[in-house]
Each structure stands twice: as C-alpha cells, then as structure tokens.
Amino acid sequence: MLELVRDTYRYRELIWALALKELKIRYKRSVLGFLWALLNPMLLMLVLTLVFSTVMPIKIPQGHYAIFLLSVLLPYTFFSQSLTYAVESIVGNGDLIKKVSVAKLVFPVAAVVSNMINFLLSLIPLALITIAMGHPFHWTWIYLPVPLLALTIFTLGATFLFAVANVYYRDVAHILQILLQILFYVTPIIYSLDQFPRRYQWIFKLNPLIYFMNGFRLSVYYGLLPAAPSIIASFVCAFIALVFGFWIFRKHQEEFVFFV
Amino acid sequence: MLDSNIVVSVENVTQRFRVIHERPDSVRELFAKFFRKPVRYSDFEAVSNVSFSVRSGEMIGIVGRNGSGKSTLLKVIAGIYKPTTGRVNVHGTIAPLIELGAGMHSELTGRENILLNGLLMGYSKQQMLKRESKIVEFAEIGDFIDVPVKQYSSGMFMRLAFSVATEVDPDILIIDEILAVGDMSFQQKCFERLREFRRAGKTIIFVTHVMSQVTENCDRTILLEKGRLILEAVPEKVVEVYTGLVCPEVRAPDERADVVTVGSEL
C-alpha cells in the first residue's frame, strides 16, 4: 500500500503527462475539442430529463430533475469512463512495456487522473445549470471532495483489477461494458432509492457505488450531509477495493511484458 | 581492474519463456479447454545461464545469429524482463535504445514527445526542459518540433528519437541494432555521438550484425549461440569465430532461407 503511494508520488510527472496525452489525443482533430468532455454528459442528461420528467415522470422532491440526475450521473461517468480507459491501459501500452522499463502502475493511474480532470471540469456546467434553474446553491458543495476521494480510491482499485484481468483474458473489456450498463440501472442514478419500499432498500445497499453516489446527491441536490454510517461504508468499500486491486496488480505486474 | 569499476554485472541469468501452443485467448476458449485437454505449452530458454560483467567506460559488443538471445539479454539488463533465474546488478542510469521511438506517440508534437520520452525513461520534467534545445539541435528538425511526429519523415523521426535517448546523459547506453537504420550522414552522426560518449567515460552495450562496427568500436565482444555465452574475447577473435559459425551454413543447401538474411547482414 505504501508502495502505491510512494510510486504514484515518484512518477507524478509521468502520470500527469500521460493523463494530458490521453485527453489531448481523445479530442484532437475534433472541432469542439475539449467541449465534448462536457457535452456528452449534458446531452445524456437532456435525453434522460426529457424522458423522466415528461414521458414517464419520476416524483422527486423540489422537482429539478436535471440537477437531481447530474449530481450522480457525473460521478458515475467518471467511474465508468475511468474503467473503460484503464481496462485497456496495460494492453494498449504493450509496445511501450516491451521496450521501456517503466512502472506499470502509471498507466491505470493516468487513466483515472485524465477522467478526474474531465469530471472536475464538468462541475462547471452543473453549477451553471443549478443557478440557471433557480435551484439553491447549497453550502454543502464544499463537502464534495469527501465522496470524490472515496470514489477515486474505489475506482483506482477497480481499474487495477480490470487492467490485470484484461492482460490475460481480452474478454474482460467486453464484460466490463455489460457490467457498467447493469450498474447504471441498479445504482440510483436516474431514480431515487426513496421510491422503493423500505424493506426492499437493503438490496440496493449491496451495491458499493450507492454509498459514494449518496454523498454526491445529498450535498449537491438536497444540501444535506450523508450520515456517518454511509460515509464509513464508502471508505471501507473503497479501501477494500484498492487493497485487493493493487495486491493483484503487484503480484502480476512483472508478467505483463510476456502477455501484451 | 577493481570490482568497484563494474557497472553492469550479469550473474547466471536464465530467461525462460513459456510458449503456449494453444493459449486460451478468450473465456470461450478457456471454457472449451476446460472440458477437453489441458493447455499445452513448452518452455523455451532464450538465454541460458549467462554471466559477464561490464566495466565503467567499456564498449561491449554482443554478436550472434538471429534468435541467439541477444535482444532478450539486453532487455533483461534494461530491466524490461525480470530474469527467470539469476541476477543483474546495474550501477548508474540506463538509456535503453531497444527500438528507436518506442515511447513516441504519433499524435503528439516533437516537443511533447521529448518530455514524455524523458519521463518514461525516468528523468524529471525539469531535466528534460533543460535539455530540450540541445535535443532539438542534434536532431536537426528545426521548426518541425511543434508539429505532430506523424508528419515527420522517417529520418526526422529517428533523429529525434536517437537524440532524446542520448542527450539525456545516461551512464550506460544499451543499443540494439538501431544503428542499421538511417542514411549515411545520420549513421556517421550517431557514431560520432557514441565516440563522444566513450570519451566521457560512459559505458555502452551494443548489439549489431555489422562486424565492422564491432571491430572498429568495441573493447570486448561476447558471442551468443542458442542462448549461451560461448565466447568472450577481443572483437577480432569473436568476429572470426562468429563468421566460422555462420559460413558453413551458407553452403548448406537446406538452410538457403537463412543465407539471404545472414549474408546481407554481414
């Protein structure tokens, strides 16, 4: 664990350069360039808002569905995009790994960092929409770094795990896409957990993502802070994921060069 | 020579690769294999029990036929492969030129690539920015430095890559056949750079198929054959033995396919 922190710090410049490269390449030669990073979740938000506030309305307090949705959709996009990029990060950099002696952890970490930049930028339109819709701009926004930290730790753990698995079985990248789609619907993103009777809610609480997302939605939409058990649960899940993911990654990293 | 002068020591290094004949590349195949026979594989020893050491300031040549384990050995020294058994001790920074432009990304500009490459080799951003102008100067790419490298000619690309790898001032330089590429003037320049390196007392480990490069430049030469170190001697001696190894093949009618490659490399 200490090794992870030490190496991340040691290779911070490389990780940062790789993350910027990732972003640069993703939006190169597109007219709107970096704006796509912000437009994508916004367009998805528009469609979902249209469906769930007019076609089949979902009852939520205060009625600002767009903000209700975005407060969780944005962190979920950070999570799913990080995984989507990181799962290919070892295999995709195979040429490099075979020719340069480099710490392997920089690749999945850089994928998470580049998506983190995306996420932080997407908070700007969220803030603008909040103001435009006349939704109160809660002081609890300053609490956001806490769920973000937990989610980042969790995401890192998951990316390590999937990046390793994909080295050995390339199916993993495809399986991941299906998993992310399922997760999108079983996590309260487009709906609220309160819409379900209390005695069924425990089923949703088996999904670790709910604890991170809870923090985002409460602070951005409701202006509340999550209860202590929920915060603790989020960090426990996060650290379990990271310890397990990095353990697997460390165990196999010397072997990557033979399989990529 | 004192032991403290040894900068690279290779001790009983064996590098084994598992060659899996029917590697289940996907879960579907894995399931299919699960119910039938186990996966077949064989172990292939690319490098067998090789030991040698390189002293500071030496230029060591490594020669051998295709598949004799030269590149694998270099990759073990560069830290890309962890040896199956044995140990490699390296004192000082290594710049491995296993392939020119390995860390280059075609969409990034020359300047961005210089930084990324340097960081990949373990140098800091500050160190790279300091050397940037010298790198650009040696590579002779002028205004193209801010153009994505995919628009470079292959010559420009190689000059930039060589320039980055050597301008970072490593203690030990590892070169794998790369000097076979590029035009005459570029090759001249590369060798001039290598001589500068030697004058500065740096160490070079050098793989090539061009025997004249070995005899002209190396202090000592190692001959590999089927992964084993079979001779370590002065270049002239090694070239003689190596030529003897290769030449009988030239006459063997059943190995004609090899003749063309080996012959042209000589």
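Owing to the predicted nature of the structure, the values given are computational and were not obtained by experimental measurement.

**Q** Help me get a handle on the overall build of chain A, residues and values and all.
**A** The secondary structure content of chain A amounts to 13 helices and zero strands. Walking chain A from its N terminus toward its C terminus, one meets helices and strands in the order α-α-α-α-α-α-α-α-α-α-α-α-α. In terms of overall size, chain A behaves like a compact globule, its C-alpha atoms giving a radius of gyration of 19 Å where 260 residues would be expected to give roughly 18 Å. Scored against the burial criterion, the 260 residues of chain A give a buried share of 40%. Long-range contacts, defined as pairs at least 24 residues apart, comprise 78% of the intrachain contacts of chain A with a sequence gap of at least 6.

**Q** Let's hear about the overall build of chain B: which residues, and what values?
**A** In terms of helices and strands, chain B carries nine helices and nine strands. Buried residues in chain B amount to 38% of all 266 residues. A fraction of 72% describes how many contacts in chain B between residues 6 or more apart in sequence connect residues 24 or more apart.

**Q** So what's going on with the packing of helix α3 (residues 110–120) of chain B against helix α4 (residues 125–139) of chain B? Residues and values would help.
**A** Residue and element names in this part refer to chain B. One can describe the packing of α3 onto α4 by two numbers: an axis separation of 9 Å at closest approach and a directional angle of 130 degrees. Considering the angle they form, α3 stands oblique to α4. The two elements α3 and α4 cross, and the hand of that crossing is right-handed. The segment α3 lies against α4, with Ile114, Leu115, Gly118 and Leu119 engaging Lys125, Gln127, Met128, Glu132 and Ile135. Within the contact of α3 with α4, the residues separate by chemical class into five nonpolar, two polar and two charged.

**Q** Lay out the sheet that holds strand β9 (residues 228–233) of chain B with the relevant residues and their values.
**A** Residues and elements named next belong to chain B. Taken together, six strands build an open sheet; the order of strands is β5-β6-β7-β3-β8-β9 and the sheet is mixed. Two strands in the sheet have a free side with no partner beyond their single neighbour: β5 (94–97) and β9. On average, each strand axis in the sheet is tilted by 15 degrees relative to the strand beside it, whichever way the strands run. In this sheet, β9 lies alongside strand β8 (residues 220–225) in antiparallel orientation, the contact comprising five bridges.

**Q** Help me get a handle on the nonpolar core, residues and values and all.
**A** Formed by 134 residues in total, the largest nonpolar core has its most connected members in Val106(A), Ile174(B) and Ile205(B). Examining the composition of this core, we find that 16 residues originate from one element, helix α4 (residues 65–87) of chain A, more than from any other. Setting aside residues up to four positions removed in sequence, Val106(A) forms contacts with Tyr11(A), Leu14(A), Ile15(A) and Leu18(A).

**Q** Before we move on, can you summarise the interface of chain A and chain B with the specific residues and values?
**A** On the side of chain B, 24 residues touch chain A, which itself brings 19 residues to the contact. It is helix α2 (residues 12–27) of chain A that contributes the most residues to the side of chain A that touches chain B, five residues altogether.

**Q** A description of the pairing of β8(B) should follow, citing residues and the corresponding values.
**A** Note: strand β3 (residues 59–64) of chain B against β8(B), five bridges, orientation parallel. Along β8(B), the bridge assignment pairs Ile62(B) with Ile222(B).

**Q** I'd like a description of helix α7 (residues 106–132) of chain A, backed by residues and values.
**A** Think of an α-helix as 3.6 residues a turn; residues three or four steps apart then line up on the same face. Over its 27 residues, α7(A) extends 40 Å from the first C-alpha to the last, a length consistent with the 39 Å expected when each residue adds 1.5 Å. Directly beyond the C-terminal end of α7(A), a positive phi value near 75 degrees is found at Gly134(A).

**Q** How would you explain unusual backbone geometry if you had to name every residue and give the values?
**A** Negative phi is the rule for most residues except glycine; trans is the rule for most peptide bonds. All names here are of chain B. With a phi angle near 45 degrees, Asn49 is a residue other than glycine that sits in the positive phi range. Notably, Lys226 is not glycine yet its phi reads approximately 50 degrees, a positive angle. Position of Lys226 relative to the elements: it lies in the loop between β8 and β9.

**Q** I'd love a proper account of the environment of Ala163(A), names of residues and values included.
**A** Residue and element names in this part refer to chain A. As for its position among the elements, Ala163 is in helix α8 (residues 145–168). When the C-alpha atoms of Ala163 and Leu105 are compared, they prove to be 9.9 Å apart, with 58 residues separating the residues in sequence. Those residues in contact with Ala163 that lie beyond four places of it in its chain are Ala86, Val87, Ser89, Ile90 and Pro108.

**Q** Run through the packing of α4(A) against helix α9 (residues 171–186) of chain A, naming residues and quoting values.
**A** All names here are of chain A. Taken N-terminus to C-terminus, the directions of α4 and α9 make an angle of 175 degrees; their axes are 10 Å apart at the nearest point. Taken together, the axes of α4 and α9 are roughly antiparallel relative to one another. Across the interface between the two elements, Tyr76, Ser80, Leu83 and Val87 from α4 touch Val172, Ala173, Leu176, Leu180 and Phe184 from α9. Considering only residue class, the contact of α4 with α9 consists of eight nonpolar, one polar and no charged.

**Q** Residue-level account of the environment of Thr93(B), with values.
**A** Residues and elements named next belong to chain B. Locating Thr93 in the fold gives a position in the loop between β4 (85–90) and β5. Assessed through the 14 C-beta atoms surrounding it within 10 Å, Thr93 is described here as partly exposed. Residues Thr93 and Asp169 lie 76 residues apart in sequence; the distance between their C-alpha atoms is 8.7 Å.

**Q** Tell me what's going on with the confidence of the model for chain B, and back it up with residues and numbers.
**A** All names here are of chain B. Averaged over chain B, the pLDDT score is 81; the fraction of residues at 70 or greater is 82%. Ranking the elements of chain B by mean pLDDT puts helix α9 (residues 256–265) last, at 42, and β8 first, at 92. Counted against residues more than four places away or in other chains, residues 251–266, with its pLDDT under 50, gives 10 contacts. Among the prediction metrics, the complex's ipTM stands at 0.79, with pTM recorded as 0.84.

Basis of the calculations
Residues numbered from 1 in each chain as written. Chains lettered and ligands numbered in written order. Predicted model: local features only at pLDDT ≥ 70, side-chain atom pairs only at ≥ 80, totals over all residues. Helix = DSSP H or I, 4+ residues; strand = E, 2+ residues; numbered from the N terminus. Rg over C-alpha atoms; globule rule 2.2 N^0.38 Å. Buried ≥ 20, exposed ≤ 12 C-beta atoms within 10 Å, placed from the backbone. Contact = placed C-beta atoms within 7 Å. Axes fitted to C-alpha atoms, helices over the stretch in contact; angles between N-to-C directions. Parallel < 35°, antiparallel > 145°, perpendicular 65-115°, else oblique. Left-handed = near helix turned anticlockwise from the far one by under 90°. Nonpolar A, V, L, I, M, F, W, Y, C, P; charged D, E, K, R; others polar. Pairing = 2+ DSSP bridges. Core = buried A, V, L, I, M, F, W, Y, C linked by C-beta atoms within 7 Å. Expected span 1.5 Å × (residues − 1). pLDDT = per-residue confidence, 0-100.

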